[in-house]
Amino acid sequence: MKMKRNAQIDARVAALLDAPLNAWIALSDDETRLVAHGATYQDVVNKLDEIGDDSSVILKTPPSWLPLAV
Amino acid sequence: MRAPYRAYPAKDGTVHFVPFIRVRVGKKRAPQITRVFEAIVDSGASDCIFPDAVALAIGIKLESGKKEQRNGIGGSQDVWIHPVQLYVGAEILEINAAFAKSLPVAGILGRIGFFEHFKITFDPSTDPPGLELERIYKT
């Protein structure tokens, strides 16, 4: 299924590609910027606390960008 | 509640759209609650599974829960069951969640604990595709 890609989607994908793999990361609320990353969930929360960010969304990146089958 | 699928990069430069939604998990009868994170909506999963980091974040000692096993595409693994509150939009669900030491995503929302509480429509007709969640209450 081919989907249209808009600037926000492209920015999210670029942010994810910039992020370390197999890590915890935080994207800005609009999901266009990589705000923090770390080896653990708590690392990311600590970084968000340090910068006073309470709106970012946390994700776990996979070991590689293969299609997901969980 | 409607949520667009989230874009994930693929190795060949294309993009996959995946039904991730934003949730939070809280400890039952306690103030600890996670930040907002993305969890995948997965009808193939028997229940809701989160990594041990989520348990740790809300003050749950992983191995103090009931130990069970779950089969996945990579084989079976141990999980520990704990009662938690799952925050989905404005809804707060009291569920028993499984916590695992290894998970490739921050959360899996499965049939028990998630699908049993919503009528869920996976809608590929929009661009990007999305899913619609309608809370249901069983009598």
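All of the points below concern the structure found in this document. Predicted, not measured: the structure shown is a model, and the values here were computed from it. Here the residue index of a chain counts from 1 through its sequence in written order. Each chain takes a letter, starting from A, and each ligand takes a number, starting from 1, following the order in which they are written. The model is predicted, so local features are restricted to residues of pLDDT at least 70 and side-chain atom pairs to those at 80 or more, both for listing and for counting; the totals for chains, interfaces and linings are taken over all residues.

## Things to note about the overall build of chain B
Argument step 1. A tally of regular secondary structure across chain B gives 1 helix and 12 strands.
Argument step 2. When the helices and strands of chain B are placed in sequence order, the string is β-β-β-β-β-β-α-β-β-β-β-β-β.
Argument step 3. In terms of overall dimensions, chain B is globule-like: its C-alpha atoms have a radius of gyration of 15 Å, near the 14 Å expected for 139 residues.
Argument step 4. Labels follow a simple rule on C-beta atoms placed from the backbone: if 20 or more others lie within 10 Å of a residue's own, it is buried; if 12 or fewer, it is exposed; otherwise it is partly exposed. Here chain B holds 139 residues, and the buried ones make up 35% of them.
Argument step 5. Here contacts are defined at the residue level, using C-beta atoms placed from the backbone and a cut-off of 7 Å between them. Look at the contacts in chain B between residues 6 or more apart in sequence, and 53% of them connect residues 24 or more apart. Counting from the N terminus, the helices are the DSSP runs of H or I reaching at least four residues and the strands are the DSSP runs of E reaching at least two. For the radius of gyration, the atom set is restricted to C-alpha positions; the globular benchmark scales as 2.2 Å times the number of residues to the power 0.38.

## Details of the interface of chain B and chain A
Argument step 1. Counting residues at the interface gives 29 residues for chain B, matched by 25 residues for chain A.
Argument step 2. Of all the secondary structure elements, the ones that give two or more residues to the side of chain B that touches chain A are β2 (6-9), β3 (15-18), β5 (37-41) and α1 (52-57) of chain B.
Argument step 3. Among the elements that take part in the side of chain B that touches chain A, β3 of chain B stands out by supplying 4 residues, more than any other.

## Considerations on the pairing of β5 of chain B
Residue and element names in this part refer to chain B.
Argument step 1. With respect to burial, β5 is a largely interior element, 4 of its 5 residues being buried.
Argument step 2. Strand pairing is defined by DSSP finding a minimum of two bridges between the two strands. The sheet contact formed by strand β4 (residues 20-27) and β5 spans 4 bridges and is antiparallel. Looking at β5, one finds that R22 is bridged to E38.

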